[in-house]
Amino acid sequence: QVHLVESGGGLVQAGGSAELSCTVSGTIFAINAMGWYRQAPGKQRELVATVTSAGDRNYASSVKGRFSLSGDTSKKTIYLQMTNLIPEDTAVYYCDADIRITWGKSSNYWGQGTQVTVSS
């Protein structure tokens, strides 16, 4: 079965850095896109950064210039390097993958989520 496993996160001081990772396991045909989303208490889940199988990257304006998504869908692993963290970055971060299980069948999968807390 398909699983997305996240690692990283924790408590970080404002201005500091952190890195998250996400790895897809299981039998799949291909990954169409992967990305990171986050959800703060009382707020909707929002896009942080995504990458397609073509290599196109998209960042939320609030993190542009501070966060960097690396990795490759073909390697089934992506990372999120976060620098110059601010308290507003505090949220549960979720890895997402649009996965093609076989021809004509794609499904969206989510990681378990990891807490990032930025203190001042």
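Computed from a predicted model, the values in this text were never measured in an experiment.

### A look at the side chain of Glu6
- Inspection of the secondary structure assignment puts Glu6 in strand E1 (residues 3–8).
- Buried within the structure, Glu6 lacks any salt-bridge partner; Arg45 is the closest side chain of opposite charge, at an N-O distance of 7.8 Å.
- Looking at Glu6, its side chain comes within polar contact range of the main-chain nitrogen of Gly113, at 3.2 Å.
- With residues near it in sequence (within four places) discarded, Glu6 still touches Ser21, Cys22, Trp36, Tyr93, Tyr94, Cys95, Gly111, Gln112, Gly113 and Thr114.

### Observations concerning the sheet that holds strand E3 (residues 18–25)
- Pairing in this open sheet of four strands is antiparallel, and the strands run E1-E3-E8-E7 from one edge to the other. Taken across any chain shown, the strands that pair with only one partner, and hence form the sheet edges, are E1 and strand E7 (67–72). Strand-to-strand twist across the sheet, computed as the mean angle between neighbouring axes with direction ignored, equals 15°.
- Pairing between E3 and strand E8 (residues 77–82): six bridges, direction antiparallel. For Ser21, the partnering residue across the bridge sits in E8 and is Tyr79.

### Overview of the pairing of strand E9 (residues 91–102)
- The pairing of strand E4 (residues 30–39) with E9 spans nine bridges and is antiparallel. Across the sheet, the residue bridging to Ala30 is Arg100, located in E9.
- Of the pairings in the sheet, the one linking E9 to strand E11 (residues 114–119) comprises three bridges and is antiparallel in character. Bridge assignment links Ala91 to a residue of E11, and that residue is Val116.
- Bridge analysis of E9 against strand E10 (residues 105–110) gives six bridges, and the strand direction is antiparallel.

Thresholds applied
Residues numbered from 1 in each chain as written. Predicted model: local features only at pLDDT ≥ 70, side-chain atom pairs only at ≥ 80, totals over all residues. Heavy atoms only, no water. Helix = DSSP H or I, 4+ residues; strand = E, 2+ residues; numbered from the N terminus. Buried < 20%, exposed > 50% of the residue type's maximum accessible area, 1.4 Å probe, protein only. Lys, Arg positive; Asp, Glu negative; His and termini not counted. Salt bridge = Lys/Arg side-chain N within 4 Å of Asp/Glu carboxyl O. Polar contact = N/O pair within 3.5 Å; in protein donor to acceptor, adjacent residues only side chain to side chain. Contact = heavy atoms within 4.5 Å. Pairing = 2+ DSSP bridges. Axes fitted to C-alpha atoms, helices over the stretch in contact; angles between N-to-C directions.

Geometric values such as these leave the question of function open.
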